[in-house]
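Here's the letter readout for the chains.
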Amino acid sequence: MSDDVRSEVVRMLIDVVGEDFLLDVEIGPGTTFGDDLGLESIEFVALVDRLRARYGDRVDFPAFIAGLDLDQLMNLTVGDVVDHIAAQERAHA
């Protein structure tokens, strides 16, 4: 299931920042939204909106993000988001 979730997150990232921007970037679980992808805050918000539209309130992204300090937020990885989604999906299955 995590591979499916990761594929969806990557597809949403492409929707948010554009395929051209990600051509030279290998996106994996350790890819950070800040340092590796250089996501601006508005792009991150757009990604979260897409994730909420896809997964609904059961994954509660606002609470997930609110629980992070600034360093954790800046170093948030694709894997962190995928793991959160997968854990919430299992909890609500």
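Shown above is the structure to which this text applies.
For every chain, the first residue of its written sequence is number 1, and the numbers climb from 1 along that sequence. In keeping with the model being predicted, local features are shown solely for residues with a pLDDT of at least 70 and side-chain atom pairs are shown and tallied solely at 80 or more, while totals for entire chains, interfaces and linings include all residues. Think of the side-chain values as coming from all heavy atoms in the structure, minus any hydrogens and water.

## Considerations on unusual backbone geometry
Peptide bonds are mostly trans, and most non-glycine residues show a negative phi.
Argument step 1. With phi around 40°, Asp60 is a residue other than glycine that occupies positive phi space.
Argument step 2. Only runs of H or I of at least four residues qualify as helices and only runs of E of at least two qualify as strands under DSSP, and these elements are numbered from the N terminus. Summarising the element assignment, Asp60 is placed in the loop between helix 2 (41-55) and helix 3 (61-66).

## Brief notes about the nonpolar core
Argument step 1. Nonpolar cores are built from buried Ala, Val, Leu, Ile, Met, Phe, Trp, Tyr and Cys residues. Side-chain atoms within 4.5 Å join them into one set. Only protein chains enter the area calculation, which uses a 1.4 Å probe; residues under 20% of their type maximum are buried, those over 50% are exposed, and those in between are partly exposed. Counting 26 residues, the largest nonpolar core has Val9, Leu13, Phe33, Leu51, Val81 and Ile85 as the members making the most contacts within it.
Argument step 2. The greatest single-element share of this core, amounting to 7 residues, is contributed by helix 1 (residues 2-17).
Argument step 3. Note on contacts: a residue pair is in contact if any heavy atoms of the two residues lie within 4.5 Å. Those residues in contact with Ile85 that sit more than four places away from it in its chain are Val5, Val9, Leu51, Tyr55, Val59 and Phe61.

## What to know about the environment of Ala66
Argument step 1. As for its position among the elements, Ala66 is in helix 3.
Argument step 2. Classification of Ala66 by relative accessible area gives exposed; the value is 62%.
Argument step 3. In this structure the C-alpha to C-alpha distance between Ala66 and Asp20, which are 46 residues apart in sequence, comes to 31 Å.

## Points about the side chain of His84
Argument step 1. If you trace the backbone, His84 turns up in helix 5 (residues 78-91).
Argument step 2. You can call His84 buried: its relative accessible area is 12%.
Argument step 3. Once residues within four sequence positions are removed from consideration, His84 is found in contact with Val59, Asp60, Phe61 and Phe64.

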